[in-house]
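Close look at the chain arrangement
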Amino acid sequence: MNTQTDFDLVLFGATGDLAMRKLLPCLYQAHVAGLLHPQGRILGVSRSEMDTAAFREKMESHAKIHIKQHFSEQDWAAFLQRVEYLTVDVTRAEDFRSLGEAVHGRKNTDNVVIYLSTAPKFFAQACENLAAVGLNADHVRVVLEKPLGTDLATSQQINDDVARFFKEEQIYRIDHYLGKESLQNLLALRFGNIVFEPLWNNKYVKSVQLTIAEQLGVEERGEFYDITGALRDMVQNHLMQMLCMTAMEAPKSLDADDVRDEKVKVIKALKPLTVESVNENVVRGQYTAAGGVNGYLQENNVPADSFTETYVAIKAEIDNERWRGVPFYLRTGKRMAGKVAEIVLNFKDLNQKLFENSVVAPNRLVIELQPNETVSLYMQVKTPGAGNRVERVPLGVDLGKAVAGRRAEAYERLLLDVIDGKLALFNRRDELEAAWEYVMPILDNWAQNTQAPHGYAAHSWGPEAARSLLAANGDKWHEEQ
Ligand code: NAP
């Protein structure tokens, strides 16, 4: 796939957690799978003073331990030969001269990727300093890690800053959910099978649920989490991408802009919330102590009076012909009863009385994205024996088992795509800002709201108020159906 394209990947933040835990191990996997051009170079940069030998040693103790499969000392040694290191402080323009020389000095520099795995406060200065040494030419791509802002205004500011030096088609905004095979599979499932598309609309679908549930709490990240919260951490980005992939129209092609045009239409068709309507359509929750597990307010580095949400549920509506009238329930939470990311389509009830009993919502399509990659279609079948009773059973496929082939981690897929210049799995500016626009009334409501978040017991499925959000439409969360 990528073996034909030589590349120079400049990895800012190379000594950081993300690089050591994900990016470098994923690049190793791509290397072992033969997906990196033999001459492709990874140039780690960060503030710390060290040479290439010392950085490779750091990778021994930090990156190597995160490689879960296909490890061999021989492959690792060969992989390390690709890696070099340069000290560059983003705030020191003079450091970029040696970076420019290191990149321009390579024979083949027509495929340069700059990955900014550093705090976004550095993006503007990094881009300006890169441009000063010609590292914003058309053949250079820049990758931006999340978070891209904390609200619409800060997101626009980051985008404006970067746009001063890079054109939109050079900018790769990461949302690692888009790198997940299971999310990409949604397009094949929807548009590659005639059996689903005719039913995928408000004539047949009663409601849709999108869930990202985590069992972990905030662990040692209380300080970061308390200024972020679940809405910014999960809803504005990952859940919004799940919503787009579930609800979008068929794109003209799978080219980046055709796909992104359709996704942005979904976000723009969302019925806008207002600061007032947030009270009826959004539930803000916070986990409380239960079963010997701390509540959020007892976690390290969390203020005892924090209102930060560890759970959000939203009742959204897409105001277009396909979806008008169908509630889309989005929810995410920490310290939930299970760890799952899933999409559930509840089809409407059948209006017939042929059988002795009736099953509520007989047809349901459950697409689990993680930890398993499964698709289950629930349907009614006859219970054996005399009489005509029916019950609901799943017809399921485990994609991990049913489809041969190596399933790469999301970051590996995204790194390979950026090296290859494929933008489809990255966020476009208008998409990102439309998502921020949608969630802004929620942030504004919460900033003024003096009512504490709804409590939910650690390792439960969320607050009672989130059940009421669905009850108005006669719906129940998936685990209660
Ligand atoms: P981190 O562990 O704190 O590492 C920060 C990196 O930035 C280090 O390599 C550091 O270099 C470098 N750095 C800091 N100041 C610098 C400067 N003035 N000039 C050059 N380099 C500088 O952070 P991280 O967890 O890897 O996260 C990096 C980015 O990815 C953040 O924006 C974060 O929000 C985002 N992100 C992280 C994760 C994750 O799982 N960690 C997940 C998603 C997104 P020195 O060590 O040499 O100072």
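Conventions used here
Residues numbered from 1 in each chain as written. Predicted model: local features only at pLDDT ≥ 70, side-chain atom pairs only at ≥ 80, totals over all residues. Heavy atoms only, no water. Pairing = 2+ DSSP bridges. Helix = DSSP H or I, 4+ residues; strand = E, 2+ residues; numbered from the N terminus. Axes fitted to C-alpha atoms, helices over the stretch in contact; angles between N-to-C directions. Contact = heavy atoms within 4.5 Å. Salt bridge = Lys/Arg side-chain N within 4 Å of Asp/Glu carboxyl O. Phe/Tyr/Trp six-rings, centres within 6.5 Å; stacked < 30°, edge-to-face > 60°. Buried < 20%, exposed > 50% of the residue type's maximum accessible area, 1.4 Å probe, protein only. Lys NZ or Arg CZ within 6 Å of the ring centre and 35° of its normal. Near = heavy atom within 4 Å. Polar contact = N/O pair within 3.5 Å; in protein donor to acceptor, adjacent residues only side chain to side chain. Areas by Shrake-Rupley, 256 points an atom, 1.4 Å probe, with all protein chains shown as cover. Nonpolar A, V, L, I, M, F, W, Y, C, P; charged D, E, K, R; others polar. Domains from an automatic or database assignment. Buried area = accessible area lost by both parts, 1.4 Å probe.

Further remarks concern the sheet that holds strand β10 (residues 327–333). Spatially, the nine strands line up as an open sheet ordered β14-β13-β12-β11-β7-β10-β9-β8-β15, and their pairing is mixed. On the outer flanks of this sheet lie β14 (390–398) and β15 (454–457), each paired with one strand and no other. Strand-to-strand twist in this sheet, taken as the mean axis angle between neighbours without regard to direction, amounts to 20 degrees. One ladder, built from four bridges, connects strand β8 (residues 282–288) with strand β9 (residues 311–317); its direction is antiparallel. Its bridge partner lying in β9, Arg284 is registered against Val312. Of the strands in this sheet, β11 (340–347), β12 (364–370) and β13 (374–382) touch helix α7 (residues 181–191), which is tilted by about 145 degrees from β12. Sheet strands touched by helix α14 (residues 429–448): β8 and β9. Its angle to β9, the strand with the most contacts, is close to 130 degrees.

Here the focus is the pattern of salt bridges. Two side chains with opposite charge may pair up if their charged atoms get near one another. One pass over the full model with this rule turns up 37 salt bridges. Of the charged contacts in the structure, one is a salt bridge between Glu84 and Arg41, with a shortest N-O distance of 2.9 Å. Placement of the pair is Glu84 in strand β3 (residues 83–87) and Arg41 in strand β2 (residues 41–46), with a sequence separation of 43 residues. Taken together, the salt bridges that share partners define one network made up of Asp6, Asp8, Arg41, Glu84 and Arg106.

Quick look at the sheet that holds strand β5 (residues 140–144) now. Hydrogen bonding along the main chain pairs the strands of a sheet, whether they run parallel or antiparallel. Strand order across the open sheet formed by six strands is β3-β2-β1-β4-β5-β6, with parallel pairing between neighbours. A strand with exactly one partner marks an edge of an open sheet, and here the two such strands are β3 and β6 (171–173). Within this sheet the neighbouring strands show an average axis-to-axis angle of 20 degrees, counted without direction. The pairing of strand β4 (residues 112–116) with β5 spans five bridges and is parallel. When the sheet's bridge partners are listed, Val113 is paired in β5 with Arg141. Set on the sheet, helix α2 (residues 52–62) makes contact with β2 and β3; between it and β3 the angle comes to about 115 degrees. Most of the contacts of helix α13 (residues 410–419) go to β4, to which it runs at about 140 degrees, and overall it touches β1 (8–12), β4, β5 and β6.

To continue, consider the packing of aromatic side chains. What the rule picks out here adds up to 15 aromatic pairs. Summarising the aromatic geometry, the rings of Phe55 and Tyr85 are spaced 4.9 Å apart at their centres and angled 25 degrees between planes, so their arrangement reads as stacked. In this pair, Phe55 sits in helix α2 while Tyr85 sits in strand β3, placing the two residues 30 residues apart along the sequence. The same class applies to Phe55 and to Tyr85, which are both buried. Members of the aromatic cluster, connected to one another through ring pairs, are Tyr225, Tyr287, Tyr296, Tyr311 and Tyr456. For the cation-ring pair, Lys180 lies above Tyr177, with the distance from its terminal atom to the ring centre recorded as 4.8 Å. Geometry around Tyr287 places Arg335 over its ring, the cationic atom sitting 5.9 Å from the centre.

Now for the site of the ligand. In the vicinity of the ligand there are 21 residues, among which Thr15, Asp17, Arg21, Arg47 and Ser48 approach most closely. Separating an oxygen atom of the ligand from a side-chain N or O atom of Ser46 is a distance of 3.2 Å. Across the complex, the protein chains shield 73% of the 890 Å² of accessible surface that the ligand would expose by itself. The greatest single-element share of the shell around the ligand, amounting to three residues, is contributed by helix α1 (residues 17–32). Taken together, the residues of the shell around the ligand break down into eight nonpolar, seven polar and six charged.

Turning next to unusual backbone geometry. Each neighbour pair has its own omega, and for Lys146 with Pro147 the value is 5 degrees, a cis peptide bond. Note that Pro147 resides in the loop between β5 and α6 (152–163). The omega angle of the peptide bond from Gln370 to Pro371 is 5 degrees, so this bond is cis rather than trans. The topology assignment puts Pro371 in the loop between β12 and β13. The phi dihedral of His70 falls on the positive side, at around 55 degrees, and the residue is not glycine. Note on placement: His70 falls in the loop between α2 and α3 (73–80).

This paragraph deals with the domain arrangement of the protein. Frequently, the measure chosen for interface size is the accessible area removed from exposure when the parts meet. Looking at the assigned domains, one finds that the protein contains domain 1 (7–173) and domain 2 (178–480). Once you take the C-alpha centre of each, domain 1 and domain 2 turn out to be 32 Å apart. Listed by partner, the interface residues are 35 residues for domain 1 and 26 residues for domain 2. Between domain 1 and domain 2 lies a buried interface of about 2700 Å² when both sides are counted; carbon and sulfur atoms form 64% of it. Of all residues in domain 1, Leu152, Tyr172 and Arg173 bury the most surface against domain 2, accounting for 23% of the area lost on that side.

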